[in-house]
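Per-entry structural report
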Amino acid sequence: MTSAIPLNVGITRSAGAKAAGGKRVLLAEPRGYCAGVDRAVETVEKALEKHGAPVYVRKEIVHNRHVVETLREQGVIFVDETDEVPEGALVVFSAHGVAPIVHETAAERNLRTIDATCPLVTKVHQEAKRFARDDYDILLIGHEGHEEVEGTAGEAPEHVQLVDGPDSVDKVTVRDPSKVIWLSQTTLSVDETMQTVERLRERFPTLQDPPSDDICYATSNRQTAVKAMAPECDLVIVVGSRNSSNSVRLVEVALGAGAKASYLVDYAREVDLAWLEGVQTIGITSGASVPEILVTGVLDLLAEHGFGEVQPVTTANETLVFSLPRELRAARRDTAQS
């Protein structure tokens, strides 16, 4: 769950300290792993413990280079499609979700499957199926080619149209303007999504909203924390991979909220020291699929260059935890008892 009460958003700095040339880091909280990513990564780890290597994973389990490389070293084999998995082997579906056809092709090959789809993505899948049954046109706001979008659209391909940002709205056609609903990819920019919705509503005034927010709580919370600190920042460094939609959005949100510069890095070694020239305040955050060790690496690098003062900027507390897939819950209990 998420606390709705801002906990520590006061960003203060004495004039004397600024005049003395003091340097500081504003550290966004919350940041990093969300409940869905934590569940997905643990799912693969427990599958390895229970079944041994190799464990196959369709696509990247989450969009983070470090996580994928670490799991590969432990015996995970990442594949693009289920037809690359030996017949009868174990395959895990990633946190981004898959279309029904993927389950069908896995069954045809007698694959043992574990579905690590984030429950919040599953919720959007259920919404798509529900509104397709009611014969709605479903306008899915998201990025073309993203695995989550492909999985959601695959639930009702005859009813779903992709709307990739506000500029795509004019291309949308519907059968009945009174039966149109929008859904969204869970990792989008909240602001850009609402801009797209506003454009859609101009064309379709009776456009219906999803039964509940589709953009996940973690995406929203990380963007809120960045917005709180960005106006104070000469530079915002977002730790995350370039194929991570929510990480890329954090860079955009930081710039939109007033940061003078913002960059995305996977590792501390990718920080260009030229970025630090003339900088007093650096904001740090990380995408929802980023382990904290990568943030620590960036903080250590910055400390070596005079940015040793770290001030948290906390806008929410996250306590939500998702259960493991049913095939692995016993493994979690056994581990807890040992």
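Residues numbered from 1 in each chain as written. Predicted model: local features only at pLDDT ≥ 70, side-chain atom pairs only at ≥ 80, totals over all residues. Heavy atoms only, no water.

**Some points on the confidence of the model for the protein**
Reading predicted coordinates in detail is not appropriate for stretches of low pLDDT. What counts, and what does not: pLDDT is a residue-level measure of predictor confidence that goes from 0 to 100. It only takes one pair of heavy atoms within 4.5 Å for two residues to be counted as in contact.
Scored by pLDDT, the protein comes out at a mean of 92, with 91% of its residues at no less than 70. When the criterion is pLDDT under 50, residues 1–7 qualifies, and its contacts beyond four places in sequence or with other chains add up to 18 contacts.

**Structural notes on the pairing of strand β4 (residues 90–93)**
Our working rule: The rule is simple: take the accessible area with a 1.4 Å probe, protein chains only, and divide by the maximum for that residue type; under 20% is buried, over 50% is exposed, in between is partly exposed. Runs of H or I in DSSP of at least four residues are treated as helices and runs of E of at least two as strands, each being numbered from the N terminus. Any two strands between which DSSP finds at least two bridges are classified as paired. The handedness of a crossover follows from its direction of travel: if, with the strands pointing away from the viewer, the path from the first strand over the helix to the second runs clockwise, the crossover is right-handed.
Residue alternation in β4 divides its side chains into two sets, L90 and V92 and V91 and F93, and both sets are buried. As defined by bridge partners, strand β2 (residues 55–58) adjoins β4 across three bridges and the pair is classed as parallel. Across the sheet, the residue bridging to R58 is F93, located in β4. Sheet topology note: the β4/strand β5 (residues 112–115) ladder contains four bridges and is parallel. Its bridge partner being in β5, L90 is matched across the sheet by R112. Note that the unit made of β4, helix α4 (residues 100–108) and β5 has a crossover that is right-handed.

**A word on the packing of helix α8 (residues 217–229) against helix α9 (residues 245–256)**
Just so we agree on the cut-off: To get an axis, fit a line to the C-alpha atoms, keeping to the stretch in contact for a helix; angles then go from 0 to 180 degrees between the N-to-C directions. Here is the rule for angles: anything less than 35 degrees is roughly parallel, anything more than 145 is roughly antiparallel, 65 through 115 is roughly perpendicular, and the remaining ranges are oblique. In this scheme the handedness of a crossing depends on how the near helix is turned from the far one: anticlockwise by less than a right angle means left-handed, clockwise means right-handed.
Following both chains from N to C, one finds α8 and α9 inclined at 25°, their axes separated by 9 Å at the closest point. Relative to α9, α8 is oriented roughly parallel. Judged by the sense of rotation from one axis to the other, the crossing of α8 with α9 is right-handed. Mapping the contact onto sequence places T219, R222, Q223, V226 and K227 in α8 and N246, R249, L250, V253 and A254 in α9.

**Regarding the pattern of salt bridges**
Test applied: Think of a salt bridge as a Lys or Arg side-chain nitrogen and an Asp or Glu carboxyl oxygen that are within 4 Å of each other.
Overall, the coordinates contain 19 salt bridges when judged by the stated rule. Here the salt bridges do not stand alone but share partners, grouping R65, E69, D266 and E270 into one network.

**Topic: the sheet that holds β2**
Strands sit in the order β3-β2-β4-β5 across an open sheet of four strands; the sheet is parallel. Only two strands of the sheet have a single partner each, and these edge strands are β3 (76–79) and β5. Strand-to-strand twist of the sheet, defined as the mean angle between neighbouring strand axes without regard to direction, takes the value 30°. Note: β2 against β3, four bridges, orientation parallel. Bridge assignment links Y56 to a residue of β3, and that residue is I77.

**Examining the nonpolar core**
Rules: Nonpolar cores were defined as sets of buried Ala, Val, Leu, Ile, Met, Phe, Trp, Tyr and Cys residues, with membership established by side-chain atoms within 4.5 Å.
Core analysis: the largest hydrophobic core is formed by 32 residues, its most contacted members being I61, V62 and V92. Looking at this core, the elements with two or more residues in it are α2 (35–51), β2, α3 (65–73), β3, β4, α5 (119–133) and α8. Element by element, the count of residues in this core is highest for α2, at seven residues. Sequence-distant contacts of V62, defined by excluding residues within four places in its chain, comprise V37, A40, V41, V67, V68, A95, H96 and S289. In terms of nonpolar packing, the next biggest core, distinct from the first, is built from 22 residues, V239, I284, V290 and F307 among them.

**With respect to the side chain of H63**
The test is simple: Whenever a nitrogen or oxygen atom comes within 3.5 Å of another N or O atom, the pair is scored as a polar contact, on the condition that within protein one atom can donate a hydrogen and the other can accept it, and that pairs from neighbouring residues in sequence are kept only if both atoms are in side chains.
Structurally, H63 can be placed in the loop between β2 and α3. A polar side-chain atom of H63 sits 2.8 Å from the main-chain carbonyl oxygen of N243. The residues touching H63, leaving out its near neighbours within four places in the chain, are H96, H146, E147, S241, N243, S244 and S289.

**Things to note about the packing of aromatic side chains**
To be explicit about the condition: For Phe, Tyr and Trp, where Trp contributes only its six-membered ring, two rings pair if their centres lie within 6.5 Å, and the inter-plane angle classes them as stacked under 30 degrees, edge-to-face over 60, or tilted in between.
On inspection of all chains with the given rule, the structure shows two aromatic pairs. Ring geometry for F131 and Y136: centres 5.3 Å apart, planes at 85°, overall edge-to-face. Of the two residues, F131 and Y136, both sit in the buried class. Measuring from centroid to centroid gives 3.9 Å for Y263 and W275, while their planes differ by 5°, and the two rings are stacked.

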